[in-house]
Amino acid sequence: MSEQLRANTSASAPLLRVRGVSVTYAAQRSIADLLARRSASGIVALDSVDLDVNAGEIVAVVGESGSGKTTLARVIAGLIAADEGVVEVEGEGPNDWRSVGMVFQDPYETLDPKRTLGEFIAEGLEAQGLPMDRVDTALEAAELLPAAAFRDRVPEELSGGQRQRVVIAGALALNPKLVIADEPVSMLDVSMRAQILALIEQLRRDQGIAWIFITHDLSLAWAISDRVVVLYLGAVVEEGTAEQVLRNPAHPYTRALLAALPSTDPGAAGTHSLAAGEIPQGDTPSGCRFRNRCAHAIEACALTRPPLEVAPGGGAEHRVACIRAAELPPLS
Ligand SMILES: Nc1ncnc2c1ncn2[C@@H]1O[C@H](COP(=O)(O)OP(=O)(O)OP(=O)(O)O)[C@@H](O)[C@H]1O
Ligand code: SF4
Ligand SMILES: [Mg+2]
């Protein structure tokens, strides 16, 4: 992050403020539920999540499949409502957001194969009542140059990386202050990934756009983010600067994620499976939600949910939800 952006962000309220957000999806009733005439218990996707994102900051949200990353993205983008909690962008609630863009994992699903790139971007502008002359500017900002050569093309004429650039252009056209990118490079090959990461960094530097970068790949989080937030079963279990969380992880889950990397260096290239053992299906464990997979669990871990607290030996930004964090052996 540039010194200018750092000065701007530290002096003011966060661009995005998420407090206590919970989402439970309704579950289908099983045959056993029907026979017992009971309602199905819902799936708790998010449980009282707090998150701040400052202007011009790139925050990586990491966690295994099912940890609630996409649900969090959808709540922040206003695509689904939270059951509880508050989401504010520049102090405004969901009815007043005009500054959040969304980039999904699969550009093939986002783009209509029959519509030109210009039509795709214009559709978003029209929905927001914005002028159509932003189509070319957005294509250029996403480095689809010259814009005139791309405007009238259809998705099948483009590479996967170019398609994801079009989706990013669609988000940029709305002049966002924050873009949420949900696994934006996971379907791209390594060279395309590097180009999209460079584009995200450039848009942050040149336009001050903040990003929430959702990924299951810690090496990508390390490559792109200022801060990292680790989600486990719908809750934040650790957060801090990328250096704090990925170089000095304080939560056993984060440590397990890093141990699953082929190299101890989070900067090592590649896509890695995140953790040892399986994320539990069904009810979330009482007390610490990670305790049934944790090598350090003791009886006390079953009693209360550990709050997020300043990590031992860390700066104030480094916070961890583990009652034994101070006792864990140092990483070799
Ligand atoms: N529409 C839905 N209806 C019911 N349950 C859902 C729905 N969407 C997600 N879930 C459940 O909510 C939990 C969180 O899902 P979510 O998609 O947010 O996780 P994720 O971290 O994005 O996972 P992935 O890495 O696989 O994309 C999971 O248990 C999932 O099965
Ligand atoms: S609170 Fe207990 S179970 Fe949870 S991560 Fe810490 S040691 Fe493991
Ligand atoms: Mg997801």
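Just so you know, these numbers come straight off a predicted model, no measurement behind them. (Residues numbered from 1 in each chain as written. Chains lettered and ligands numbered in written order. Predicted model: local features only at pLDDT ≥ 70, side-chain atom pairs only at ≥ 80, totals over all residues.)

J.: Even after reading the chapter, I still don't get the overall build of the protein chain, so can you show me in this structure?
T.: Each helix and strand counted, the protein chain has 12 helices and 11 strands in total. Looking at the protein chain as a whole, 42% of its 332 residues qualify as buried. (Helix = DSSP H or I, 4+ residues; strand = E, 2+ residues; numbered from the N terminus. Buried ≥ 20, exposed ≤ 12 C-beta atoms within 10 Å, placed from the backbone.)

J.: How do you make sense of the sheet that holds strand β7 (residues 210-215) when you look at a structure like this?
T.: Here 8 strands make up an open sheet; going across it, the order is β5-β6-β7-β3-β8-β9-β11-β10 and the pairing mixed. Where the open sheet ends on each side, the last strands, each with one partner, are β5 (100-103) and β10 (309-310). Against the sheet, helix α8 (residues 160-172) touches β5 and β6 (178-182), its axis set at about 170° to β5. (Pairing = 2+ DSSP bridges. Contact = placed C-beta atoms within 7 Å. Axes fitted to C-alpha atoms, helices over the stretch in contact; angles between N-to-C directions.)

J.: Looking at this model, I keep getting lost on the site of ligand 1. Mind explaining?
T.: Lining the immediate surroundings of ligand 1 are Y25, I43, A45, G63, S65, G66, S67, G68, K69, T70, T71 and H216. Of all the secondary structure elements, the ones that give two or more residues to the shell around ligand 1 are β2 (43-53) and α3 (69-76). Taken together, the residues that form the shell around ligand 1 break down as 3 nonpolar, 8 polar and 1 charged. (Near = placed C-beta within 6 Å. Nonpolar A, V, L, I, M, F, W, Y, C, P; charged D, E, K, R; others polar.)

J.: What is the right way to read the site of ligand 2 from this model?
T.: Around ligand 2 lies a shell of 13 residues, among which C288, R291, C294, C301 and C322 are the nearest. Residues that form the shell around ligand 2 fall into these classes: 9 nonpolar, 2 polar and 2 charged.

J.: Quick question: what am I supposed to make of the environment of E88 here?
T.: Secondary-structure assignment places E88 in strand β4 (residues 84-89). As a C-alpha pair, E88 and L15 span 73 residues in sequence and 8.1 Å in three-dimensional space. Discounting chain neighbours no more than four positions away, the residues touching E88 are R17 and G93.

J.: Sorry, what's going on with helix α9 (residues 190-207) here?
T.: For α9, with 18 residues, the first-to-last C-alpha span of 25 Å sits near the 26 Å given by 1.5 Å per residue. Taken together, the buried positions of α9 are occupied by R193, I196, I200, L203 and R204. The buried residues of α9 occupy an angular sector of 100° when the element is viewed end-on, so they sit on one face. Looking at α9, the residues exposed on the side facing more than 90 degrees away from the buried face are V190, S191, A198 and D206. Residues of α9 that are buried sit in contact with β3 (58-62), α6 (134-141), α8, β7 and α10 (218-224). Where α9 ends, the next residue or the one after it, G208, has phi of about 70°, a positive value. (Expected span 1.5 Å × (residues − 1). Arc of directions from axis to C-beta.)

J.: Whenever I open this one, the nonpolar core confuses me. Can you help?
T.: Looking at soluble globular proteins, one finds that nonpolar side chains tend to be buried together. Among the nonpolar cores identified, the biggest contains 92 residues, and I76, A169, I180, I212, A221 and V230 are the most heavily contacted of them. With 6 residues, the single largest contributor to this core is α8. Two domains share this core, each providing at least three of its residues, namely domain 1 (3-99 + 176-327) and domain 2 (110-175). Excluding residues that lie within four positions of it along the chain, I76 makes contacts with L16, V18, V87, V100, I180 and I212. (Core = buried A, V, L, I, M, F, W, Y, C linked by C-beta atoms within 7 Å. Domains from an automatic or database assignment.)

J.: Before we go on, may I ask you to explain unusual backbone geometry in this structure?
T.: Leave glycine aside and you will find that most residues have negative phi; peptide bonds, for their part, are mostly trans. Residue P146 follows L145 across a cis peptide bond; omega there is -10°. With phi around 55°, S48 is a residue other than glycine that occupies positive phi space. The class for S48 is partly exposed, based on 14 C-beta atoms found within 10 Å. Positive phi outside glycine occurs at E143, with the angle close to 60°. Topologically, E143 is positioned in the loop between α6 and α7 (147-150).

J.: Please clarify how the sheet that holds β4 should be interpreted in this entry.
T.: Two strands in a sheet stick together by hydrogen bonds in their backbones, pointing the same way (parallel) or opposite ways (antiparallel). In spatial order, the strands read β2-β1-β4; together these 3 strands make up an open sheet with antiparallel pairing. The open sheet has two free edges, formed respectively by β2 and β4, since each of these has just one partner strand. Going from strand to strand, the sheet's axes swing by 20° on average, the running direction of each strand aside. With 7 bridges joining them, strand β1 (residues 16-25) and β2 adopt antiparallel strand pairing. Across the sheet, residue R17 finds its bridge partner in β2, namely D52. Most of the contacts of α3 go to β1, to which it runs at about 120°, and overall it touches β1, β2 and β4.

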